[in-house]
Amino acid sequence: MKANGHVFKYGDNVDTDVIIPARYLNTTDYMELASHCMEDIDKDFVKNVKKGDLIVATKNFGCGSSREHAPIAIKAAGVSCVIAETFARIFYRNSINIGLPIVECKEAANRIEAGDEVEVDFQTGVIVNITKNETYQGQPFPEFMQKIIKAEGLIPYINQKNS
Amino acid sequence: MGMTMTQKILAAHANLESVVAGQLIEANLDMVLGNDITSPVAIKEMEKMKLSGVFDKDKIALVPDHFAPNKDIKSAQNSKCMREFAYQNEITNYFEVGEMGIEHALLPEKGLTVAGDVIIGADSHTCTYGALGAFSTGVGSTDMAAGMATGKAWFKVPSAIKFNITGKLNPWVSGKDVILHIIGKIGVDGALYKSMEFMGDGIKNLTMDDRFTIANMAIEAGAKNGIFPVDEVAITYMQDHSTRSYVVYEADADAEYEREILIDLSTLRSTIAFPHLPENTKTIDEITEQFKIDQVVIGSCTNGRLDDLRIAAKVFEGHKVKKGLRCIVIPATQQIYLDAMKEGYIKTFIEAGAIVSTPTCGPCLGGHMGVLAEEEKCVSTTNRNFVGRMGHVTSEIYLASPAIAAASAITGTISSPEQL
């Protein structure tokens, strides 16, 4: 399983209120949520994002509200992976649970710039910056989480266990 | 090696003798909570599961509090989805408008959360119940769905930061100032993935409502949970509100903490978080520049309890809300509303020129009942001052205690009751 695309870059403490503002939480429609993704910090994100692109940010990405609408909006917008130095813990769980791959890597978070082409291997955690010709070692998922990701989320994982 | 209070609760709920930080466990749940925003997503997920029904209809709480009473048609559809699910599955603890309150004030009041419990809620402020000595943490809708179906959730056992609390708070300083001071000190990711364990002989000087406020904002430091020891104050509260039996866990003497932070309550001053992060704190004495405030909100899962309304009413006594400023007071539950009426606080608010709303999370997340316009400034007793949180992206939120919020509503600038 690999992700490959161009990078949208953000800073520290990107909160779930800017990922998907609460004024749009009166819907559970994934595509409608995606159409407002990142709107309060980056008006051009939705216009420019292409299927497979990546989000890279520094510390505490996804802090704040527990709204699963945040990783849902990012995934439905076409983003294939989020790389950050650290993630807020609820966002981290939610991403795994809905099958949005996320990787913690300080070096990648700091070195990668907006527009870079990046490839991520989820099994090994290896991140290749094709634009800069650099490689970074991200944290691979613990085995337990790999199983959930392989099943493409917590619900299919539980279904598999019970079948 | 000894265990922290959090680790002991998790070990017991995973049927393990002991656990260590970093260990992945599956724990049995005592309560699974959702609201009108997060539950519809969870219900959609549950429909994909091969299991039918819920694990225990008494151990699920569904509360329409965020966009309820419904602010628009889409919100009404979401509430309808949750209501129908609650009826179909005969959920005991579904609280309709009229019975409902803000979830994190309501659940302890109804006696649904007690010491020793493991609680998950699809709302980040679920960490509030740590005030009673429970392990409780916010999760997303998929975890809520899995929790409702199986009664279990996976956790990574957290390491801990110990907060050694000593001394006694000064007049007009309350739980909100304690937690804002702490977040200002350690930052919004200062306790990332960790448990915040509050201890020390100063705890006895904190009211139950102070503790709920402090535990409530543990998430604002990135924590998995915040937890208080179970003392007489907590036991009295549980005896007054719950028929459930509670279990008292105490940290081992040799429990390991990553860090220990001393908080002397007697040294704390009223503390305000400036835009756009809860860590951007200043004490009231450090504020030099004054500017016009457009709105004040007193309420939310952080500060909508009776202590909070008592303090605000005391400040408003004999004063008026500044002309041109809107002051919105929101008792967190129907019971708090009634108690505040009996005590005369509601009369004080209305006579001062504030409005009093039915319980709702409304303005805290820019939903309804006080959304901010372009470049407006709001002093709020809520918990987040992120960009656009309460309305327009250029609006600004200043997080403060009920005492500061009420005084600011009177003067029209950020003020302390000492300055009135």
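Please refer to the structure higher up on the page.
The sections below set out a description of the structure shown in this document.

### Observations concerning the sheet that holds strand S10 (residues 225-227) of chain B
Residues and elements named next belong to chain B.
For step 1, the next point in the chain: Strands sit in the order S10-S9-S8-S11 across an open sheet of four strands; the sheet is parallel. One side of each edge strand has no neighbouring strand; the edge strands of this open sheet are S10 and strand S11 (259-264). Ignoring which end each strand starts from, the neighbouring axes of this sheet average 20 degrees apart.
For step 2, the next point in the chain: Where strand S8 (residues 160-166) and strand S9 (residues 195-199) come together, five bridges link them in parallel fashion. When the bridges of S9 are listed, Asn-164 appears paired with Met-199.

### Looking at the pairing of strand S5 (residues 118-121) of chain B
Residues and elements named next belong to chain B.
For step 1, the next point in the chain: In S5, alternate side chains face the same way, and those of Val-118 and Ile-120 on one face and Ile-119 and Gly-121 on the other are all buried.
For step 2, the next point in the chain: As defined by bridge partners, strand S2 (residues 31-35) adjoins S5 across three bridges and the pair is classed as parallel. Each residue of the ladder has a partner; that of Leu-33, found in S5, is Gly-121.
For step 3, the next point in the chain: Pairing of S5 with strand S6 (residues 135-138) involves four bridges; the strand directions are parallel.

### A short note on the nonpolar core
For step 1, the next point in the chain: Membership of the largest hydrophobic core comes to 181 residues, with the highest contact counts inside it found for Phe-61 of chain A together with Met-196, Phe-349 and Ile-414 of chain B.
For step 2, the next point in the chain: Counting contributing residues per domain, this core is built from domain 1 (5-264) and domain 2 (272-419) of chain B, each supplying no fewer than three.
For step 3, the next point in the chain: Beyond its immediate chain neighbours, meaning those up to four positions away, Ile-414 of chain B contacts Ile-272, Phe-274, Ile-284, Ile-287, Gln-290, Phe-291, Ile-293, Val-379, Tyr-398, Ile-404, Ser-408 and Gln-419 of chain B.
For step 4, the next point in the chain: Ranked by size, the runner-up nonpolar core spans 15 residues in total, among them Leu-54, Ile-83, Val-120 and Ile-127 of chain A.

### Some points on the interface of chain A and chain B
For step 1, the next point in the chain: Of the residues lining the interface, 46 residues belong to chain A; the matching set on chain B comes to 51 residues.
For step 2, the next point in the chain: Between chain A and chain B lies a buried interface of about 3900 Å² when both sides are counted; carbon and sulfur atoms form 58% of it.
For step 3, the next point in the chain: The three residues of chain A that bury the most area against chain B are Asn-26, Arg-89 and Arg-93 of chain A, which together make up 19% of that side's buried surface.
For step 4, the next point in the chain: For Lys-74 of chain B, the salt bridge identified is with Glu-32 of chain A, shortest N-O distance 2.6 Å.
For step 5, the next point in the chain: On the surface where chain A and chain B come into contact, there are 21 residue pairs in polar contact (both at pLDDT 80 or more).
For step 6, the next point in the chain: Those elements that provide at least two residues to the side of chain A that touches chain B are helix H1 (16-19), helix H2 (30-34), helix H4 (69-76), helix H5 (89-98), helix H7 (143-150) and helix H8 (154-162) of chain A.
For step 7, the next point in the chain: A total of seven residues in the side of chain A that touches chain B trace back to one element, the largest contributor, which is H5 of chain A.
For step 8, the next point in the chain: When its residues are assigned to classes, the side of chain A that touches chain B shows 18 nonpolar, 15 polar and 13 charged.

What counts and what doesn't
Every chain is numbered independently, its residues counted from 1 as its sequence is written. Here chains are named by letter from A upward and ligands by number from 1 upward, in the order in which they appear as written. Under the rules for a predicted model, residues below a pLDDT of 70 receive no local features and side-chain atom pairs below 80 are neither given nor counted, while totals for whole chains, interfaces and linings still include all residues. For side-chain calculations, the full set of non-hydrogen atoms in the structure is used, while hydrogens and water are omitted. One requirement defines pairing of two strands: DSSP has to find at least two bridges between them. Put simply, DSSP H or I for four residues or longer makes a helix, DSSP E for two residues or longer makes a strand, and each gets a number counted from the N terminus. In this analysis an axis means a line fitted to C-alpha atoms, helices contributing only their contacting stretch, and an angle means the value between N-to-C directions, from 0 to 180 degrees. Exposure categories follow from relative accessible area, calculated using a 1.4 Å probe and restricted to protein chains: below 20% of the type maximum is buried, above 50% is exposed, and the middle band is partly exposed. As used here, the term nonpolar core means buried Ala, Val, Leu, Ile, Met, Phe, Trp, Tyr and Cys residues forming a set that is joined through side-chain atoms within 4.5 Å. Domain boundaries shown here were taken from an automatic or database domain assignment. Residue contacts follow a heavy-atom distance rule, with two residues in contact if any of their heavy atoms lie within 4.5 Å. What counts as buried area is the accessible surface, traced by a 1.4 Å probe, that two parts surrender upon association, with contributions from both included. A pairing counts as a salt bridge when a side-chain nitrogen of Lys or Arg comes within 4 Å of a carboxyl oxygen of Asp or Glu. Polar contact is the term for a pair of N or O atoms within 3.5 Å; when the atoms are in protein, one must be able to donate a hydrogen and the other to accept it, and sequence-neighboring residues count only if both atoms are side-chain atoms. Gly falls in the polar group here, along with every residue not listed as nonpolar (Ala, Val, Leu, Ile, Met, Phe, Trp, Tyr, Cys, Pro) or charged (Asp, Glu, Lys, Arg).

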